[in-house]
Every structure is written in C-alpha cells, then in structure tokens.
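# Remarks on the overall topology
Chain residues, written in single-letter form:
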Amino acid sequence: MTRRIIIMVSSLLMVLGLIMLSWGFRDLPIDERPEWMAWQMVLWPIIVLGLVEIGRLIGYVKKGLRVRADRFKVIIHGIPALVVAVAPAGTFTNLFGSQSLWSLLDFPTAKVMAALWLAFTLWTSWEVDVP
C-alpha cells in the first residue's frame, strides 16, 4: 500500500514539475533562460522518479540481492542528455548552423525531454545481481 501511495505522489509531483517548468518558459524568449531553471529542469525529474526507484532498490537489497549501476548506460545515455538539458540556448545553432537538425536541440521542448531522458537513464541503470 505504501508503495502505491509513493507512486501516486511521485506522479502528482511530476505533473506539478512539468507545469512549473512550462510556466517558467512561457514568457521567456528562448535565449533568456536563467541558469537556475536549467538545473531545476534536470533535478526535478531525477528526485521525483527517485522516490519510487529508491524504495524498489532498497527492497532488493533487503532481500539479499546486490544492486549495481550500469556505468556504460549512464555514460552513453546520461552525458548527452545532460549536455542537451543544460546547454545554453543557441549552443547547437552556433555549433552546427541554423539550418541543421541539431539546432532543434536548442528549443525548450528538447531540453525538457532531455531532462526526463537523463532521469530515466539514471534510475533504470541499476541492475540486480543474484549472489
């Protein structure tokens, strides 16, 4: 029962986080995003999704299983997601040109999706080893 309540609360917190992020971006020109907003965008889904996953991982450890991180997945998925999420607006346009598909990574939608990608990567990279 407690796990279901935590899942419901984390879902509500994720919706509230998306609303807050969207509200923060709503009136800003794309190149005027404050630095705190980039880090809030990254930390919010990591914390909220972690509420559920930490409980699951602790349950595995209590059952005597060993939990370890898949570092390869964290590096290959996590680093690009982090770069896209926190790069200042205009970075990809300046590097690759405005007509490049890469320039689309400068838009707020891509940055929010990258933050969720990072959170998903960090919490799904834990594997359980049977002793």
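Residues numbered from 1 in each chain as written. Predicted model: local features only at pLDDT ≥ 70, side-chain atom pairs only at ≥ 80, totals over all residues. Heavy atoms only, no water.

So, on to the side chain of Thr121. Note that Thr121 resides in helix α5 (residues 108-124). On the basis of relative accessible area, Thr121 is assigned to the buried category, the value being 1%. In terms of polar contacts, Thr121 uses its side chain to reach the backbone carbonyl oxygen of Trp117, at 2.8 Å. Filtering out sequence-adjacent residues up to four positions away, Thr121 remains in contact with Lys73, Val74, His77 and Gly78. (Helix = DSSP H or I, 4+ residues; strand = E, 2+ residues; numbered from the N terminus. Buried < 20%, exposed > 50% of the residue type's maximum accessible area, 1.4 Å probe, protein only. Polar contact = N/O pair within 3.5 Å; in protein donor to acceptor, adjacent residues only side chain to side chain. Contact = heavy atoms within 4.5 Å.)

Moving on: the confidence of the model for the chain. Of all residues in the chain, 88% have pLDDT values of 70 or greater, and the mean over the chain is 84. Here helix α1 (residues 2-26) stands out as the element of the chain with the lowest mean pLDDT, 73, in contrast to strand β1 (residues 66-69), whose mean of 93 is the highest. (pLDDT = per-residue confidence, 0-100.)

Our next topic: the pattern of salt bridges. With the rule as written, the count across this model stands at four salt bridges. Note that Arg66 is salt-bridged to Asp129, the shortest N-O span being 3.4 Å. Here Asp129 lies in strand β2 (residues 126-129) and Arg66 lies in strand β1, a separation of 63 residues in the sequence. In this structure, the salt-bridge partner of Arg68 is Asp129, at a minimum N-O distance of 3.0 Å. Here the residue Arg68 occupies a position in strand β1, and Asp129 occupies one in strand β2, the gap between them amounting to 61 residues. The partly exposed category is assigned to Arg68, whose relative accessible area is 32%. Through salt bridges with shared partners, a single network forms among Arg66, Arg68, Glu127 and Asp129. (Salt bridge = Lys/Arg side-chain N within 4 Å of Asp/Glu carboxyl O.)

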